[in-house]
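So you can see what is in the structure, the chains are spelled out below.
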Amino acid sequence: ALATCGTAASADSPAPSASGGASKAATAQTAADLGGLDALVAAAKAEGQINVIALPDDWANYGAVKAGFQKKYGITVNSILPDASSKEEIAAAEANKGTAQAPDVFDLGTNVALESTAYFAPYKVEAWDKIPAENKESSGLWVNDYTGIMSVGYNATKYGEITSLDQLTDEKFRGAVALNGKPAEAGAAFNGFLMANAAKGGTFDDLQPGLDFFASLAEAGTLNVKDVTAGTVDAGEHGVVMDWSYNQLSTQARLAEKGVEWKVFVPEGGEIASFYNQAINKDAPHPAAARLWQEYLFSAEAQNLWLAGGARPVLFDALEADGTLDAAAAGSLPEVSGTPQTPTIEQAEKANAVLAQSWESTVS
């Protein structure tokens with residue numbers, strides 16, 4: 001696991017009292033409900049900490065985002081289970097409900113977010129009107145935050161050039177090819193599957209080509225279903241990883257220091273883009289800090305930090321319009337030849353149901 005930021009509270013610690021300001025923050029749907037942003041900042045500082053989950057430092061530049069929040073407000077960021085999947089975020093909220101260890105906020109893949117709205121508290125950040133309607137749930141239960149292009153990263157020093165998914169059944173890739181998680185549990189894996197499915201001629205409504213492809217990898221012995229971490233990649237256990245373009249950037253930089261060339265390609269016909277989603281835990285132990293975290297994430301400062309990490313933030317166009325976009329960071333976003341596809345909410349829900357039922361039997 002990657003190093004955490006701050007120290008997580010004990011799992012059996014009681015949650016902070018819900019009296020006074022805390023109870024008011026827990027039901028606040030805007031900063032105005034607490035008397036404005038300054039009042040929200042004061043309430044969050046009084047809580048003194050926030051629990052985030054599933055945010056590795058090298059994922060979309062989250063290390064800088066967490067450090068930026070902590071420096072700006074003096075609030076300790078407890079980074080719990082940085083390598084957790086989206087599904088494990090929700091499981092942690094359920095398991096730690098009522099304790100100080102529960103996550104305050106979530107960053108979830110669309111498939112898990114859509115089936116987990118009962119865990120969310122509605123909240124609209126001050127930048128709400130700048131967020132396109134299609135990128136948010138109307139009451140504020142979830143909001144798109146950043147996106148990237150799904151891609152294939154690989155150890156070119158060890159394997160040479162890879163230009164097609166068809167090469168991945170070769171014996172030289174035995175036990176080396178991986179999705180970043182399980183498709184029905186992790187957003188990166190879900191979209192990695194969709195990438196392969198599309199490249200193999202499938203659609204969001206027809207997943208069989210993708211299932212056939214991963215079955216062929218399993219049969220060839222090249223598929224590795226163990227969770228991908230920086231450690232497994234650095235050790236060479238995972239030599240080909242289907243993941244977001246922004247995660248590939250950090251892997252490239254890290255491995256270059258070790259003399260390893262990590263190359264990236266997007267398979268033809270497999271151009272997939274999808275936003276992750278921010279949400280507040282309705283049972284957040286630090287409700288004011290949770291809401292202030294959202295305000296920070298949708299500020300120009302944090303949006304540009306994601307951009308510097310290779311992810312395209314949801315407010316990209318708004319920042320560009322008002323002159324606050326980091327132009328240098330924007331210029332480093334990956335170029336894509338085809339037009340990226342994104343499943344509709346209905347398609348994502350149906351695809352997730354199919355994968356939840358079929359994935360294990362496909363790769364076993």
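Preceding this section is the structure that the text describes.
If you're wondering where the values come from, they're calculated on a predicted model, not measured in any experiment.

Caption draft 1: Highlighting the pattern of salt bridges. In the structure shown here, the tally under the stated rule is 13 salt bridges. Lys97 is paired through a salt bridge with Asp283; the nearest N and O atoms lie 3.9 Å apart. Residue Lys97 is located in the loop between helix 4 (86–95) and strand 3 (105–109), and its partner Asp283 is located in the loop between strand 9 (273–281) and helix 11 (287–297); the two are separated by 186 residues in the primary sequence. Residue class for Asp283 comes out partly exposed when judged on its relative accessible area of 30%. The salt bridge involving Glu237 is made with Lys226; its shortest N-O contact spans 3.4 Å.

Caption draft 2: Structural view of the packing of aromatic side chains. One pass over the structure, following the stated rule, counts 20 aromatic pairs. Judged by centre distance (5.9 Å) and plane angle (85 degrees), the ring pair of Tyr62 and Trp306 falls under edge-to-face. You can see Tyr62 sitting in helix 3 (residues 62–73) and its partner Trp306 sitting in helix 12 (residues 300–308), a full 244 residues away along the chain. Residue classification places Trp306 among the buried positions, given a relative accessible area of 0%. Positioned above the aromatic ring of Phe316 is the side chain of Arg312, whose terminal nitrogen or guanidinium carbon lies 3.8 Å from the ring centre.

Caption draft 3: View of the environment of Gly201. Along the chain, Gly201 falls in the loop between helix 7 (187–199) and helix 8 (208–220). Expressed as a C-alpha distance, the spacing of Gly201 and Ile280, which sit 79 residues apart in the sequence, is 37 Å.

Caption draft 4: Broad picture of unusual backbone geometry. Phi is positive for Ala54, which is not a glycine, with a value near 60 degrees. Looking at the element boundaries, Ala54 is found in the loop between strand 1 (49–53) and helix 3. On the basis of relative accessibility, which here comes to 11%, the residue Ala54 falls in the buried class. Here Leu81, not a glycine, exhibits a phi torsion of approximately 40 degrees, which is positive. Within the secondary structure, Leu81 is located in the loop between strand 2 (76–80) and helix 4.

Caption draft 5: Just helix 2 (residues 37–47), in detail. Buried within helix 2 are the following residues: Leu40, Val41 and Ala44. One side of helix 2 carries all its buried residues, which in axial view fall inside an arc of 100 degrees. Along helix 2, the residues that are exposed and aim more than 90 degrees away from the buried face are Asp38 and Ala46. Packed against the buried residues of helix 2 are helix 3 and helix 11. Count one or two residues on from helix 2 and you reach Gly48, which has phi positive near 85 degrees.

The rules we used
- Residues numbered from 1 in each chain as written.
- Predicted model: local features only at pLDDT ≥ 70, side-chain atom pairs only at ≥ 80, totals over all residues.
- Heavy atoms only, no water.
- Salt bridge = Lys/Arg side-chain N within 4 Å of Asp/Glu carboxyl O.
- Helix = DSSP H or I, 4+ residues; strand = E, 2+ residues; numbered from the N terminus.
- Buried < 20%, exposed > 50% of the residue type's maximum accessible area, 1.4 Å probe, protein only.
- Phe/Tyr/Trp six-rings, centres within 6.5 Å; stacked < 30°, edge-to-face > 60°.
- Lys NZ or Arg CZ within 6 Å of the ring centre and 35° of its normal.
- Arc of directions from axis to C-beta.
- Contact = heavy atoms within 4.5 Å.

All quantities given are derived from atomic positions and should not be read as evidence of function.
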